[in-house]
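# Descriptive analysis of the structure
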Amino acid sequence: MRKNDTFFKILFAIEIALIPMVIFANKFLPKWALGLFIAGILLTKIWLELFKDKNDKRHVVIDSIGSVLVFGSLIIYFMVLGLIAKPLGIVVLVFVALMNLLLPALFNRKLPEFIEAVDFCYMLFECFLLGALAILKYYNVITNIGLFALLMTMVVSVLYKLYFILHQTALFSKFTRKK
């Protein structure tokens, strides 16, 4: 086990542990404390990206699980509070799950540079959304713009990856078909 592997797992645990702290801060602490815990999630997300080994499937799976848990719980929580529109939140939740299911499924497949650029934009919009959620009590419009930007990049990435999988499967079956 490498040193980065242990640090990566510790960061994952910190990221997941901060989720209940967001709910606690919203209920029992001043309103600005909520932003501190979400900013903590943002910082751990950035550190996770720095220490993630893209050639290690365990890191990709752990990062995908973390993204689904963090964004799923935060979006659901803010939908319950009425700060995020429910239809937009539900669509974003579905695409977050699809996006993070396709990442491990396409592990070690050579994807075109276009889709890798879209995935990088997805990661940046994740960070933008966490930053917007950190100041959600003050600027609700920024959060909806962040959700929409995240949704647009996820739709492009998911649709292209599904097309890529279907295309690869069709070509694979074409060459392996017995005559």
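My aim in this report is to walk through the structure given alongside it, one point at a time. (Residues numbered from 1 in each chain as written. Predicted model: local features only at pLDDT ≥ 70, side-chain atom pairs only at ≥ 80, totals over all residues. Heavy atoms only, no water.)

## Details of the environment of Val155
For Val155, the position within the fold is in helix 6 (residues 140-176). It is 9.5 Å that separates the C-alpha atoms of Val155 and Leu98, two residues lying 57 residues apart in sequence. (Helix = DSSP H or I, 4+ residues; strand = E, 2+ residues; numbered from the N terminus.)

## Observations concerning the packing of helix 2 (residues 31-51) against helix 3 (residues 57-81)
Between two packed helices, both the angle of their axes relative to each other and the distance between the axes serve to describe the pair. Where helix 2 contacts helix 3, the two axes come as close as 11 Å, and the packing angle between them is 160°. On the basis of their axis angle, the class for helix 2 and helix 3 is roughly antiparallel. Crossing angle aside, the handedness with which helix 2 passes helix 3 is left-handed. When helix 2 is examined against helix 3, the residues Leu34, Ile38, Ile41, Lys45, Glu49 and Phe51 are found in contact with a partner set consisting of His59, Asp63, Gly66, Ser67, Val70, Phe71, Leu74 and Phe78. Partitioning the contact of helix 2 with helix 3 into residue classes produces 8 nonpolar, 3 polar and 3 charged. (Axes fitted to C-alpha atoms, helices over the stretch in contact; angles between N-to-C directions. Parallel < 35°, antiparallel > 145°, perpendicular 65-115°, else oblique. Left-handed = near helix turned anticlockwise from the far one by under 90°. Contact = heavy atoms within 4.5 Å. Nonpolar A, V, L, I, M, F, W, Y, C, P; charged D, E, K, R; others polar.)

## Let's talk about the pattern of salt bridges
Counted according to the given criterion, the structure contains 6 salt bridges. Here Lys45 ties to Asp63 by a salt bridge, and the two come within 3.9 Å at their closest N and O atoms. Linking Lys45 in helix 2 with Asp63 in helix 3, this pair joins segments that are 18 residues apart in sequence. According to the relative accessible area criterion, Lys45 is buried, its value standing at 1%. Measuring nitrogen to oxygen at the nearest pair gives 3.3 Å for the salt bridge that ties Arg58 to Asp56. By relative accessible area, which is 45% here, Arg58 ends up partly exposed. Owing to a relative accessible area of 13%, Asp56 belongs among the buried residues under this scheme. (Salt bridge = Lys/Arg side-chain N within 4 Å of Asp/Glu carboxyl O. Buried < 20%, exposed > 50% of the residue type's maximum accessible area, 1.4 Å probe, protein only.)

## Quick notes on the environment of Met154
Checked against the element boundaries, Met154 lands in helix 6. On the basis of relative accessibility, which here comes to 0%, the residue Met154 falls in the buried class.

## Focus on the nonpolar core
Nonpolar side chains tend toward joint burial in soluble globular proteins. Counting residues in each nonpolar core, the largest one holds 35 residues, and the members touching the most others are Ile38, Ile41, Leu74, Phe78, Val92, Leu130 and Met154. Elements represented by at least two residues in this core include exactly helix 1 (3-28), helix 2, helix 3, helix 4 (86-105), helix 5 (113-134) and helix 6. No other element matches the 7 residues that helix 3 contributes to this core. Dropping the residues within four chain positions of it, Leu74 is found in contact with Val22, Ile41, Leu130 and Leu133. Of all hydrophobic cores here, the second largest spans 5 residues; its members include Leu106, Leu111, Val118 and Phe164. (Core = buried A, V, L, I, M, F, W, Y, C linked by side-chain atoms within 4.5 Å.)

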